[in-house]
Amino acid sequence: MTSNETLIGTARAMVAPGKGILAVDESTATCTKRFAEFGIESTETSRRDYREMMFRAPGIGEYVSGAILYDETIRQHAADGTPIVDVLNDAGVMPGIKVDTGAKPLAGAPGETITEGLDGLRKRLAEYREIGARFTKWRAVLRVSAEIPSRYCIETNAHALGRYAALAQEAGLVPIVEPEVLMDGDHDVQRCRVVTEQMLRSTFEQLSAQRVLLEGVVLKPNMVIAGRDCPEQATSDEIAELTLKTLRDCVPAEVPGIAFLSGGQTGEEACTNLDAMVRGGDLPWELTYSFGRALQQPALQIWGGSHVAEAQVALLHRARMSSLARSGRYAAGEELASTDSSQV
Ligand code: 13P
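Cut-offs applied
- Per chain, the residues get numbers from 1 upward, laid out in the order the sequence is written.
- Local features in a predicted model are, by the rule used here, given only for residues with pLDDT of at least 70; side-chain atom pairs are given and counted only at 80 or more, and totals for whole chains, interfaces and linings are based on all residues.
- Only heavy atoms go into the side-chain values, all of them from the structure, while hydrogens and water stay out.
- A helix here means a DSSP run of H or I that spans at least four residues, while a strand means a run of E at least two residues long, and both kinds are numbered starting from the N terminus.
- To get the radius of gyration, use the C-alpha atoms; to get the globule rule, take the number of residues to the power 0.38 and multiply by 2.2 Å.
- A 1.4 Å probe rolled over the protein chains alone gives each residue an accessible area, and that area as a share of the maximum for its type sets the label: buried under 20%, exposed over 50%, partly exposed in between.
- Note on areas: Shrake-Rupley with a 1.4 Å probe; residue coverage comes only from the protein chains shown.
- The charge count treats Lys and Arg as positive and Asp and Glu as negative. His and the chain ends do not count.
- For charged residues, the charge sits on one atom: NZ in Lys, CZ in Arg, CG in Asp, CD in Glu.
- What makes a salt bridge here is a side-chain nitrogen of Lys or Arg within 4 Å of a carboxyl oxygen of Asp or Glu, nothing more.
- Here, strands pair whenever DSSP counts at least two bridges between them.
- The definition of a right-handed crossover adopted here requires that, viewed with the strands pointing away, the path from the first strand over the helix to the second runs clockwise.
- Per-residue confidence from the prediction method is given by pLDDT, with values spanning 0 to 100.
- In what follows, a contact means two residues having at least one pair of non-hydrogen atoms within 4.5 Å.
- What a helix should span is 1.5 Å times the count of its residues minus one.
- If even one non-hydrogen atom of a residue comes within 4 Å of a molecule or strand, that residue is called near it.
- Pairs of N or O atoms within 3.5 Å make up the polar contacts considered here, provided that, within protein, one atom can donate a hydrogen while the other can accept it, and that residues adjacent in sequence are counted only when both atoms are side-chain atoms.
- With axes taken as lines fitted to C-alpha atoms, and helix axes fitted only over the stretch in contact, angles between N-to-C directions fall between 0 and 180 degrees.
- An angle counts as roughly parallel when it lies under 35 degrees, as roughly antiparallel when it exceeds 145, as roughly perpendicular when it falls between 65 and 115, and as oblique in every other case.
- Each crossing gets its hand from how the near helix is turned against the far one by less than a right angle, where anticlockwise is left-handed and clockwise is right-handed.

What to know about the overall build of the chain
Thinking step 1. Along its length, the chain carries 13 helices and 10 strands.
Thinking step 2. For 344 residues, the compact-globule formula gives about 20 Å, and the C-alpha radius of gyration of the chain, at 19 Å, lands near that figure.
Thinking step 3. The dimensions of the chain, computed from C-alpha atoms along their principal axes, are 50 × 45 × 40 Å.
Thinking step 4. Counting every position in the chain, which comprises 344 residues, the buried fraction comes to 55%.
Thinking step 5. Of the roughly 14,100 Å² of accessible surface on the chain, a fraction of 49% belongs to carbon and sulfur atoms.
Thinking step 6. Side-chain charges in the chain split into 35 positive and 47 negative, and the spacing between the mean points of these groups amounts to 4 Å.

A word on the pattern of salt bridges
Thinking step 1. This model, assessed by the stated rule, comprises 27 salt bridges.
Thinking step 2. Ionic pairing is found between R34 and E26, a salt bridge with its closest N-O pair at 3.9 Å.
Thinking step 3. Residue R34 is classed as partly exposed on the basis of its relative accessible area, which comes to 22%.
Thinking step 4. Residue class for E26 comes out buried when judged on its relative accessible area of 10%.
Thinking step 5. Here E170 ties to R122 by a salt bridge, and the two come within 2.7 Å at their closest N and O atoms. Placement of E170 in helix α7 (residues 151-170) and of R122 in helix α6 (residues 121-131) is noted, with a sequence separation of 48 residues between them.

Thoughts on the pairing of strand β9 (residues 257-260)
Thinking step 1. Side chains of β9 alternate between two faces, with G257 and A259 and I258 and F260 buried alike.
Thinking step 2. Relative to β9, strand β8 (residues 218-219) runs parallel, the two sharing two bridges. Of the residues in β9, the one forming a bridge with V218 is G257.
Thinking step 3. Note: β9 against strand β10 (residues 286-291), four bridges, orientation parallel. In the strand pairing of β10, I258 is matched with L287.
Thinking step 4. Since β9 and β10 lie parallel, the crossover through helix α10 (residues 267-280) that links them has a hand, and here it is right-handed.

Regarding the pairing of strand β1 (residues 20-23)
Thinking step 1. In this sheet, strand β2 (residues 64-69) lies alongside β1 in parallel orientation, the contact comprising four bridges. Bridge pairing links G20 to V64 in β2.
Thinking step 2. Two strands pair when backbone bridges link them, and β1 and β10 are joined in this way by two bridges, in the parallel orientation. Along β10, the bridge assignment pairs L22 with F291.

Some details on the confidence of the model for the chain
Thinking step 1. Of the residues in the chain, 98% reach a pLDDT of 70 or more, and the chain-wide mean stands at 96.
Thinking step 2. Contacts of residues 340-344 to residues separated by more than four positions or lying in other chains number six contacts, the stretch itself having pLDDT below 50.

A few points about helix α3 (residues 44-55)
In an α-helix there are 3.6 residues to a turn, and that puts residues three or four apart on one side.
Thinking step 1. When the terminal C-alpha atoms of α3 are compared, their 17 Å separation across 12 residues agrees well with the 16 Å that a helix rising 1.5 Å per residue should span.
Thinking step 2. Burial analysis of α3 places nine of its 12 residues in the buried class, which makes it a mostly covered element.
Thinking step 3. Those residues of α3 lying buried are S46, R47, R48, Y50, R51, E52, M53, M54 and F55.

What about the side chain of S65?
Thinking step 1. Among the structural elements, S65 can be located in strand β2.
Thinking step 2. Residue classification places S65 among the buried positions, given a relative accessible area of 3%.
Thinking step 3. The residues contacting S65, other than those within four sequence positions of it, are A13, M14, K19, G20, I21, G92, V93 and M94.

Examining the site of the ligand
Thinking step 1. As a matter of local geometry, the ligand sits amid 13 residues, with K137, K220, S262, G263 and R293 nearest to it.
Thinking step 2. The side chain of S262 places a nitrogen or oxygen atom 2.4 Å from an oxygen atom of the ligand.
Thinking step 3. In the model, an oxygen atom of the ligand is placed 2.7 Å from a nitrogen or oxygen of the G263 main chain.
Thinking step 4. Contact with the protein chains hides 92% of the accessible area of the ligand, taken as 300 Å² for the molecule alone.

Observations concerning helix α12 (residues 308-326)
Thinking step 1. Taking 1.5 Å of rise per residue, 19 residues should cover 27 Å, and α12 covers 27 Å from first to last C-alpha, within 8% of that figure.
Thinking step 2. For α12, the buried fraction is high: 14 of the 19 residues fall into the buried class.
Thinking step 3. Phi turns positive, to about 70 degrees, at G328, one or two residues after α12.

Things to note about the packing of helix α11 (residues 293-303) against α12
Think of two packed helices as two axes; the pair is described by the angle between the axes and how far apart they sit.
Thinking step 1. Relative orientation of the contacting elements α11 and α12 amounts to 165 degrees, with a least axis distance of 8 Å. Put simply, α11 runs roughly antiparallel to α12. Handedness of the α11/α12 crossing: right-handed. Residues A294, L295, P298, A299, I302 and W303 of α11 lie in contact with α12, whose contacting residues are V308, E310, A311, A314, L315, R318, A319 and S322.

Okay, structure coming up:
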């Protein structure tokens, strides 16, 4: 198989019908913060146990094609000594890795960030591939107000996404390209649409300029949604319509799949919105999920450090709901029908 065929095959498998991606690549600092909300101590072992609980949820591979890991996790072994990448592969879940090193203040641009991690990236990618990663993720972060994001912030972040994606493909790893317009703030849905469009256009200009194979990329965008503090929230039909219009205007048909982040929406909200988009129908790309919080939150709350089986039920429930949504078959009634653990 040529390297392009490998990339295309992996990208298509990541967005295969019925499946989506589990994002569990929280940095140690973010994971510690999320654990603290439920009084869970964050240690190398507790972070491993939490993630192992998810990867060993029976049948997770039915709904999840790949899991995005953090550097600490991809090097870890399960409690019984099995490498975590083997636990995932045995479950039919491809291991992936976050390779950016975080969003840092952008020089001369108060309130804006640039995502770092390009220095030494070629070497790190080769190592991750050796460990067993099949794909990678890089997240650009755009904060919204009336004044920002600036053209400067959009273009520098899009350029970095292009450099990352080209290097990932050179290493035989599919790049998940994530330009995230944050939900934080009181901007309305139209402001989110404008910023999302600007960022997606700039991102695809850079991917083309930097000779990235679009057939071997997965786009991970935000949904077009009003800021959390905006008094006027859009309905799911409006969110679906505006998101699809923006994506149709900006995302080339060669891209095999678009996997949304949840960005702070609840699992139910994210599923309702994804389902409305899939029902909108006749799209050139697969539309699916790459949720973090919208898949994990109920499981984390229940896990509490030791309730493994109950937490797995909660995770599988959200994974099944997300899978139904990406197939256009989600309905609120499903939430009730399968909270009964005997159904999972
Ligand atoms: P959320 O779905 O919680 O936004 O996380 C997805 C992710 O990977 C953010 O980079």
